[in-house]
Structures are given as structure tokens and as C-alpha cells.
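# Breakdown of the fold
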Amino acid sequence: MSGAAYRVSAAAGRARGRDEGPVQETGEVMGSRRVGPYTLLDVVAPHVAVRVLPGQFVSVAVDGPETLLRRPFSVSGISGAPAGGGIEIVFETLGPGTVWLAGRDRHDAVDVVGPLGRPFTAPPEPAPCLLVGGGYGAAPLVLLGRTLRERGLRVDFLLGAATQSRLLGVMDAKRIAGTTTVTTEDGSAGRAGIVTDAMEDVLDANGSGAVYACGPMPMLAAVSEVAAGRGVPVQVAVEESMACGVGVCWSCVVPYRRDDGVANVRACLDGPVLDGARVDWPTLRTWWAGGAQSPELTP
Amino acid sequence: MTSGSQSQQVVDVAEARPAGVDLSVDLGPVTLANPVLAASGCFASGREIDRFFDVDRLGAVIVKSLTLEPRGGLPTPRMAETPSGMLNAIGLQNPGLDRWLAEDLPWLLDAGVPTIVSIAGNTVDEFGALARALRRVRGPVAVEANISCPNVEDRDRVFACRQDTTGEAVRAVTDVLHLPVFAKLSPDVPDIVAIAEAARAAGATGVSLVNTLPGMAIDVERRRPRLAAVTGGLSGPAIRPVAVRAVHQVHRAMPLMPIIGMGGVRTVADVVELVLAGASAVAVGTATFVNPMATLDLVEGLPGWLAARGHTSVADLRGAVSS
Ligand SMILES: Cc1cc2nc3c(=O)[nH]c(=O)nc-3n(C[C@H](O)[C@H](O)[C@H](O)COP(=O)(O)OP(=O)(O)OC[C@H]3O[C@@H](n4cnc5c(N)ncnc54)[C@H](O)[C@@H]3O)c2cc1C
Ligand SMILES: Cc1cc2nc3c(=O)[nH]c(=O)nc-3n(C[C@H](O)[C@H](O)[C@H](O)COP(=O)(O)O)c2cc1C
Ligand code: FES
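Residues take numbers from 1 onward in each chain, read along the sequence in its written order. Labels follow written order: the first chain is A, the first ligand is 1, and so on. For this predicted model, a pLDDT threshold of at least 70 governs which residues receive local features, and a threshold of 80 or more governs which side-chain atom pairs are given and counted, while totals over whole chains, interfaces and linings are taken from all residues.

## Describing the overall build of chain B
Quick reminder of the rule: Secondary structure elements follow DSSP: runs of H or I of four or more residues count as helices, runs of E of two or more count as strands, with numbering from the N terminus. In this setup the radius of gyration rests on C-alpha atoms only. A globule is expected at 2.2 Å times the number of residues raised to 0.38. Burial is judged by counting the other C-beta atoms within 10 Å of a residue's own C-beta: 20 or more makes it buried, 12 or fewer makes it exposed, and any count in between marks it as partly exposed, with every C-beta position built from the backbone. Residue pairs are scored as contacts if the distance between their C-beta atoms, which are placed from the backbone, is within 7 Å.
Along its length, chain B carries 11 helices and 18 strands. In terms of overall size, chain B behaves like a compact globule, its C-alpha atoms giving a radius of gyration of 19 Å where 323 residues would be expected to give roughly 20 Å. Overall, the C-alpha framework of chain B stretches about 50 × 50 × 45 Å when taken along its three principal axes. Taking all 323 residues of chain B together, the buried fraction comes to 59%. Summarising the internal contacts of chain B: among those between residues at least 6 apart in sequence, 71% fall at separations of at least 24.

Below you can see the structure in the form of C-alpha cells.
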């Protein structure tokens, strides 16, 4: 291996990396706006922007008296591309990290590492694609929808949330999709219920041959089971609590059926996009219920 | 506090390499090009961080603790952020020594980075078996015996909580290996010097100080522990004073014994602080989670820091705190 194999990018602050793979880059906030209860941040980070694919995420350094770790967010869009390219993230304000990020102004510096993880991939056979999003989980799906459309594939959306204001991406979805179906738990928009209540109908109506989903983990479990039950390939972007985001701490694991047995794979490196039919949802449900025992695993 | 502020202190490449600063350090018989090491369990196979920079820029890599059998580890959540630190309960997930030897060691050797193999046994016998399995392995420069892991023959208390179990576990390794052996100790003991002396008496070349501190955090809304395993190990800046104290005490008692210091190191000044306390080399764990470039930043930043203060050698600063 040779010596210093990184770049120092004067324009973007600091970006050191290889031609492929993730980089660390000091980005500049170009805009921040509210989208319902969410905040959309547009960050100029050209080295990340040229590399990112739908489903990948970035981890963002946040400041605060007691925070330490970066926060992971799906990339929801590309702005100002190709040169001076930016990335967009959409997030819910939950704790100290997201509160700090929501307070960033135009031209503030934000330290970004990305793109991280494996992206969504095209369906094995050309087929109409159903994109299922829950809450802010719709974030990476618009980017994915555009990419699938560019490949000449039909795209339909099924978007759900607890209530109307928490739906994300409906207008963007309508621009690219054949059909856009909405569900809300309180019935304030679209069909009353959760996405899986509508999923069978939507699959039938559109002849969907591939499912892509992002949202809360229990939703991904249910969507995967519906799709797998019908033999439709399903890719899910999972969310696990992450300390490093780059594959070195093993905090973000998901039990996953590989050819050689169930293994705890890293959501940040082997995921976040995983084959929903191979995620070991029954084991995950015992973890969510506070079950302490781990199955026999092949690491 | 954050990597945001950390990145601002990074100087450019030319400035980072003033002539005439000697970064090399000795760990007993092993000489390393610089004192910045990746801490065990915080660098995976090496390939993950090599996506960001050439890992041979580091003084050495201490690999994730390896067990005899593969381990799947504990359920999630495995980590919880706490004030200026984090708790982890990974459960030593690892591919097992055999698979690591076949799949990961060749890559590290090819990358040209000095490799320190960390091993963890459930029993004294397992430490012996791990050491025997390493006897004919070429390449690693040293072994770190992670004796701050649970001893199933002692109600899961860590080996390093008592002098006798420390001595037995370390002896099981030093008896069969010719490589330098570093005993990795827990700071959660009343007398760290006594434990370090027991390790030394059992043939350890030196000690690694410190492993994580046991801790717990509770989600008060849900009235549930924040880790699936209930308790976990605390790391990060929150534990740095504990590490500085432990290194200082052990170095005072045994000034000639090499020490790999670690715990909460984030900045160049933190590296120097541990060296002044008595560390021969400094390992970095949690800071790599905050910033994948963290260890390289330290390698790059150290010469300039030393030169600006008129120092010509990092090794000269070892234990040089006045008191
Ligand atoms: C791959 C991935 C993509 C994500 N994409 C988005 C997105 O597009 N939009 C969005 O709003 N949120 C997203 N999240 C969740 C987001 O990372 C958390 O909401 C955020 O970290 C909360 O930080 P906080 O300081 O505000 O909250 P706190 O609750 O104070 O966070 C404390 C710690 O817990 C971790 N944490 C808390 N909640 C979560 C969670 N749900 N998932 C993972 N870690 C968590 C944090 O990273 C932090 O280390 C994503 C998470 C992952 C893993
Ligand atoms: C996620 C995680 C996993 C770790 N795994 C190991 C391990 O397998 N073996 C070991 O000896 N130490 C392990 N450690 C301890 C570190 O090597 C180090 O001693 C400790 O984290 C203090 O350093 P830091 O504050 O720089 O992280 C681990 C620490 C963390 C945070
Ligand atoms: S978050 Fe550290 S390995 Fe995935």
C-alpha cells in the first residue's frame, strides 16, 4: 500500500477518500425547511453526492453538550448535481442530535460521512415495482422511484403514516408513480389502517413483481411477510441503533439467513438494504419483546 | 466535543510532517513506527477503515477479541449513547480464531500493518488452547490476552478482577507462546497495580489499560434497560480520567514494563496525556466510531503538536509527568 491516499478538498472543507466508497467531508448547509413535522436539510457535499445510490445513508456529526456519536440518515435526494452537488436528508426531531441538526442555518458547516451501506438493487426480472414507505421511511424511496423509472420500470407507491401530517413524499411519489396509495392509522388521509392492510390489493391491482420498503422495523417485518408469502422479491432498508455506521463496532446487527445459517449481519455494512425474505423476523420480534436469548448463529 | 470540532484542528498534510520528530515507540521487543494503535473491537477486520485511508499508516492494529468457537453475540440494542461516552454489549461477536486466521489475518499482513492478536477464553484452558493455535502462526507482532472478559469457572466474573485468575489466564498463554503478550485489564478493580503485577509475574511482557468500565442506562419512559443485555461497557471520553489514572499508577509501580494505554482518546493532546502518564503506545477505540479518520488524524497531528513544543521524540515523553 502506498502513502497518503486521500484528498484535501479546499472547496468542501475536507474530503479524504478513494475514488469509490465512502468519504468524510465537511459539507455546507444550503437550505433547511420544514416538511410537516420533519426537517429537510440540503447539504453541499460533492464527494458524497456523486457516489450516493438510492437506499444508502450518511452519518452526520452533531454537536451538543453531551452527544458523542454521529446520527445516521437516509439520503432522500440529490441537489445541485453534478458539480457542487448536495445531498438532502429528511428527519424527524426526536432527541439532542436531530434538534441540533434542525437548528442549522444556510452556510453552516456539517460534517458528513457517506455514502454508507448497500443500496437498493434493480429487480432480478424487469417488473412493476411497489415502493412501500412508512413515516420518514419514505425518504429514500423517491430517489429509488426515479432511478427505477429511468430504467423503464413501472413504479407504484404505497405510503403510510399515523396521521396525514406525518405522511412524507406523497407529492413526489405522484409525479413518478403509476399509482400512489395512502394509508393513515387515524383515517385522516387515504385508507384508514396500516400499509399492509392495503398491500395485497395494491399488489393485485398493479401486478407488482418486486417490493421495496423502508419504515419502522415492525412494518418491514409485515411487508416482507406479505411479499414473501406471494413469492414476490422484497428489499427492505432496515434501521438499527448504530454507533459507528462504518462496520467496525458490531452494534447494528440484524439476524439474517445466509446460505450457511443465520448470522448477525451489520445493518450499516451488509445493509441497510437487505433481502426481506431472509431477515430472521421471528428472532427480531423476540428481541423487540425484550427476549434475551440469541439463536444459534454463524457469525 | 464532536467530530465536527475535531476536524477543524486537522492541519494540512505538509504541516503535519515536520522533520526531526521521532514517532517510533517500543512495546518491549517490538518497535512500532508510531504510537497510535486501533483498539480491540473497534476496527473490525481492517478492511472497513481501509476504505477511508491506508491502515498501514497506524502503529499497529489490535484486532477484535477472538474466541475458540465462532460467536454470534448478543441481541440488539447493543449500544446506548451516554454523556460523552457510550455503553456497548456486543457479546464478543467474532468469526472464531480459525476463520480469522484464514480470512482476515492474511489481509492485514498484506496491508503491511503490524497486527496484535487479541484472544479471549471462557476458561483458563481456553486461553491455553488459543495460544497453542497461535504458536505456528507467522505474522502477528504480539498477542493481547483480553482477560477482562467473563470467566465461566468463576461465576462469570472477569479474570482480571483477581490476582490468581489473572495469573492463571496469562500463564496459560505465556507458557506456550514466544510472542510478546499484553494482558488487557479492567479498571473496575480496587488495586490495578496488584493485578498488573500478577500479570507481569505470569510472564506478560506488558499490560493494556484500560478495558471498558461496567455501566447501565435506563430508558425512564419505558422503564427498560437501554441495552438488551441490561449492562454494558462504558467507553469514550467519559472514561479518559480513569485510564490516565490506571496507566499512571501502573507505570509508577513498574516503570520498565511497556503499557498500551487507552480509554477515551480523541485528540492529539489526549494521546500525549496518556503517554505522560506512562503509556508506551496509545490505542483508540470509540473515537473511530465518531470519525472513521480519527486514528489517521492523530498520526498526522502528533508530529506538529510535538514540534510546536520543541519535542523531538514521543518516547521521551513517556511517564514525564511531574509530581
Ligand atoms: C440507516 C438509518 C437511516 C435513518 N434514516 C433516517 C431518516 O431518513 N430520517 C429520520 O428522521 N431518521 C432516520 N434514522 C433514525 C435517526 O438516525 C434517529 O432518529 C436519530 O439518530 C436520533 O438522534 P437524536 O439525537 O435526535 O435522538 P436520541 O434518541 O437522543 O438518539 C440517541 C442515540 O440513539 C440512536 N438512535 C435513536 N433513535 C434511533 C433510531 N430510530 N434508529 C437508529 N438509531 C437511533 C442515535 O443515533 C443516537 O446514537 C435512520 C437510522 C438509520 C440507522
Ligand atoms: C463496541 C466495542 C467493542 C469492544 N470490543 C472489545 C474486544 O473485543 N476486546 C477487547 O479487549 N476490548 C474491546 N473493547 C474495549 C476497547 O478496546 C477499549 O479498551 C475501550 O473501548 C476504551 O477505549 P475507547 O474509550 O477509546 O473506546 C471494545 C469497545 C467497544 C466500544
Ligand atoms: S454501526 Fe458499527 S458496525 Fe454497524
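## Description of the overall build of chain A
Across its full length, chain A carries 7 helices and 17 strands. In chain A, the proportion of contacts linking residues at least 24 apart, taken out of those at least 6 apart, comes to 62%.

## Some remarks on helix H5 (residues 124-134) of chain B
Quick reminder: α-helices carry 3.6 residues per turn. Residues three or four places apart thus point the same way. Residues and elements named next belong to chain B. Test applied: Along the arc lie the directions from the helix axis toward the C-beta atoms.
Taken residue by residue, H5 has Val-124, Phe-127, Leu-130 and Ala-131 as its buried positions. Down the axis of H5, the buried set is contained in an arc of 120 degrees. They therefore lie on one face. Contacts made by the buried residues of H5 are with helix H3 (97-103), strand E7 (115-119), strand E8 (142-146) and helix H6 (163-174).

## A word on H6(B)
Residues and elements named next belong to chain B. Test applied: To estimate the expected span of a helix, count its residues, drop one, and scale the result by 1.5 Å.
The terminal C-alpha atoms of H6, which comprises 12 residues, lie 16 Å apart, in line with the 16 Å expected from a rise of 1.5 Å per residue. Within H6, 10 of the 12 residues are buried, leaving the element largely enclosed by the surrounding structure. Looking at H6, one finds that the buried residues are Thr-165, Thr-166, Gly-167, Glu-168, Ala-169, Val-170, Arg-171, Ala-172, Val-173 and Thr-174. Its buried side turned inward, H6 meets H5, E8, strand E9 (150-151), strand E11 (181-184) and helix H7 (192-201).

## Some remarks on the site of ligand 2
The test is simple: We count a residue as near a molecule or strand when its backbone-placed C-beta atom lies within 6 Å of that partner. Note that Gly is not counted as nonpolar here; it falls among the polar residues with everything else outside the nonpolar set of Ala, Val, Leu, Ile, Met, Phe, Trp, Tyr, Cys and Pro and the charged set of Asp, Glu, Lys and Arg.
Around ligand 2 sit 26 residues, and of these Gly41(B), Ser65(B), Ser235(B), Gly285(B) and Thr286(B) come closest. Its residues placed into classes, the shell around ligand 2 shows 10 nonpolar, 14 polar and 2 charged.

## Examining the packing of helix H5 (residues 195-206) of chain A against helix H6 (residues 217-229) of chain A
All names here are of chain A. Condition: Orientation is described by lines fitted to C-alpha atoms, with helices fitted over the stretch in contact, and by angles between N-to-C directions that extend from 0 to 180 degrees. Here roughly perpendicular refers to angles of 65 to 115 degrees, roughly parallel to angles under 35, roughly antiparallel to angles over 145, and oblique to all remaining angles. Left-handed describes a crossing whose near helix is turned anticlockwise from the far helix by less than a right angle; the clockwise case is right-handed.
In contact at an axis separation of 10 Å, H5 and H6 are set at 25 degrees when each is read in the N-to-C sense. Regarding the angle of H5 to H6, the classification is roughly parallel. Between H5 and H6 lies a crossing of right-handed hand. Residues Val-195, Thr-196, Met-199 and Glu-200 of H5 pack against Met-219, Ala-222, Val-223 and Val-226 of H6.

## Here's the deal with the nonpolar core
Within soluble globular proteins, side chains that are nonpolar generally end up buried alongside one another. Applicable threshold: Core membership is restricted to buried Ala, Val, Leu, Ile, Met, Phe, Trp, Tyr and Cys residues, and these are joined into a nonpolar core through C-beta atoms within 7 Å. Delimitation of the domains relies on an automatic or database domain assignment.
Residues Val58(A), Val223(A), Leu37(B), Val61(B), Val282(B) and Val284(B) are the most contacted members of the largest nonpolar core, which totals 204 residues. For this core, the element with the most residues is H6(A), which contributes 8 residues. Two domains each donate at least three residues to this core, and these are domain 1 (4-116) and domain 2 (129-289) of chain A. Contact partners of Val282(B), with chain neighbours within four places excluded, come to Pro35(B), Val36(B), Leu37(B), Gly261(B), Met262(B), Val265(B), Val271(B), Leu274(B) and Val275(B).

## Section: the domain arrangement of chain A
Residues and elements named next belong to chain A. Examined at the domain level, chain A breaks down into domain 1 (4-116) and domain 2 (129-289). With 21 residues of domain 1 in contact, the opposing surface of domain 2 contributes 19 residues. Among the elements of the structure, strand E4 (57-60), strand E5 (71-74), strand E7 (86-92) and strand E8 (109-116) are those that each provide at least two residues to the side of domain 1 that touches domain 2. In terms of residue count, the dominant contributor to the side of domain 1 that touches domain 2 is E7 (3 residues). Taken together, the residues that form the side of domain 1 that touches domain 2 break down as 13 nonpolar, 6 polar and 2 charged.

## Thoughts on the sheet that holds E8(B)
Strands in a sheet are paired, the pairing made by backbone hydrogen bonds, and the direction either parallel or antiparallel. All names here are of chain B. Quick note on the threshold: Note on pairing: two strands pair once DSSP finds at least 2 bridges between them.
Read around the closed barrel, the 8 strands follow the order E3-E4-E7-E8-E11-E12-E17-E18; overall the barrel is parallel. Sheet twist, expressed as the mean angle between neighbouring strand axes with direction ignored, is 25 degrees. Direction of pairing for E7 relative to E8: parallel, over a ladder of 4 bridges. Paired with Ser-118 across the bridge in E8 is Glu-144.

## Description of unusual backbone geometry
The omega torsion across Gly271(A) and Pro272(A) is 5 degrees, close enough to zero to call that bond cis. The step from Thr76(B) to Pro77(B) runs through a cis peptide bond, and the omega angle for that step is 0 degrees. Along the polypeptide, Pro77(B) turns up in the loop between strand E4 (60-62) and strand E5 (79-82). A positive phi angle, close to 80 degrees, is found at His107(A), a residue other than glycine. One can find His107(A) in the loop between helix H2 (96-102) and E8. The class for His107(A) is exposed, based on 9 C-beta atoms found within 10 Å.

## Overview of the sheet that holds strand E16 (residues 231-235) of chain B
Residues and elements named next belong to chain B. Strand order in this open sheet of 4 strands is E5-E6-E16-E13, and the pairing throughout is antiparallel. The sheet is open, and its two borders are formed by E5 and strand E13 (213-216), each paired with just one other strand. Within this sheet the neighbouring strands show an average axis-to-axis angle of 40 degrees, counted without direction. Relative to E16, strand E6 (residues 85-88) runs antiparallel, the two being bridged by 3 bridges. Its bridge partner lying in E16, Met-86 is registered against Ser-235.

## Some remarks on the pairing of strand E3 (residues 38-44) of chain A
All names here are of chain A. Judged by how many residues are buried, E3 sits mostly within the fold: 6 of 7 residues are covered. For strand E2 (residues 23-35) and E3, the ladder comprises 7 bridges, and the chain directions are antiparallel. The residue bridging Gly-31 from the neighbouring strand is Asp-42, located in E3. Linking E2 back to E3 in an antiparallel pair, the connection comprises 2 residues, with Gly-36 at a positive phi of about 60 degrees. Relative to E7, E3 runs antiparallel, the two sharing 7 bridges. Residue pairing across strands places Leu-40 opposite Val-90, the latter belonging to E7.

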